[in-house]
Amino acid sequence: MKIPRLGLLIAAALVLSACRHKEITKLEREEAANVASEADFAVTVREWSRAEGLYAKAATLCPDSGDYWVSLGIVRMRLNDHSGARSAYKSAIAAYTDEFEHNPANSQTVIRRAYVLILLGRADEARSVVDKARAKYPNDRVLRSFFENQGMAKMIADPGLKGLSP
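Predicted model only: the values in this text are computed from it and were never measured. (Residues numbered from 1 in each chain as written. Predicted model: local features only at pLDDT ≥ 70, side-chain atom pairs only at ≥ 80, totals over all residues. Heavy atoms only, no water.)

Here we come to the overall build of the protein. When helices and strands are tallied, the protein shows nine helices and zero strands. Mapped from its N terminus to its C terminus, the protein presents α and β elements in the order α-α-α-α-α-α-α-α-α. Looking at the protein residue by residue over its 166 residues, the buried ones come to 34%. In the protein, the proportion of contacts linking residues at least 24 apart, taken out of those at least 6 apart, comes to 53%. For the protein, the accessible surface area stands at approximately 10500 Å², while carbon and sulfur atoms represent 56% of it. (Helix = DSSP H or I, 4+ residues; strand = E, 2+ residues; numbered from the N terminus. Buried < 20%, exposed > 50% of the residue type's maximum accessible area, 1.4 Å probe, protein only. Contact = heavy atoms within 4.5 Å. Areas by Shrake-Rupley, 256 points an atom, 1.4 Å probe, with all protein chains shown as cover.)

On to the packing of helix α6 (residues 108-119) against helix α8 (residues 141-148), then. Contact geometry for α6 and α8: axes closest at 8 Å, N-to-C directions at 40°. The angle between α6 and α8 places the two elements in the oblique class. Across the interface between the two elements, Q108, V110 and I111 from α6 touch V142, L143 and F146 from α8. Looking at side-chain class alone, the contact of α6 with α8 contains five nonpolar, one polar and no charged residues. (Axes fitted to C-alpha atoms, helices over the stretch in contact; angles between N-to-C directions. Parallel < 35°, antiparallel > 145°, perpendicular 65-115°, else oblique. Nonpolar A, V, L, I, M, F, W, Y, C, P; charged D, E, K, R; others polar.)

So, on to the confidence of the model for the protein. Of all residues in the protein, 87% have pLDDT values of 70 or greater, and the mean over the chain is 89. In this model residues 1-20 is a low-confidence stretch, pLDDT under 50, and it forms zero contacts with partners more than four residues away in sequence or in other chains. (pLDDT = per-residue confidence, 0-100.)

So this is what it looks like as structure tokens:
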């Protein structure tokens, strides 16, 4: 009976080790930036399918970049792929959340996360995210300015967001 337990233990260890986040190399980040730049060009010439493939590649290379996921979601909405857009937006939320946890000085990620939450129709959650960040970092100029300039209300009222929402 010791052999099956040992096998089970080894299998569990392998599964758990695969759950760790892979370190993204500088070369992968550079490649993702180049691919995303090519995708940006594809968007300017309205080649949505090409842009989708390129943004998907960039997001795969750098899954911690919320901006790649948002761009992928927007392109998928252009292609009328609502479930794909929703999935990309959810990945963006996770990336922005992780980024802010690792780098609280980059409060712009809180605002970007709120934007994506609004795209997903979760305005109350977006307000809560910004309010919690403001409470935790009351001296943050970006968050204070966003609040004082009614940034949340402006985002919610933006008619352009309707076409980007799945």
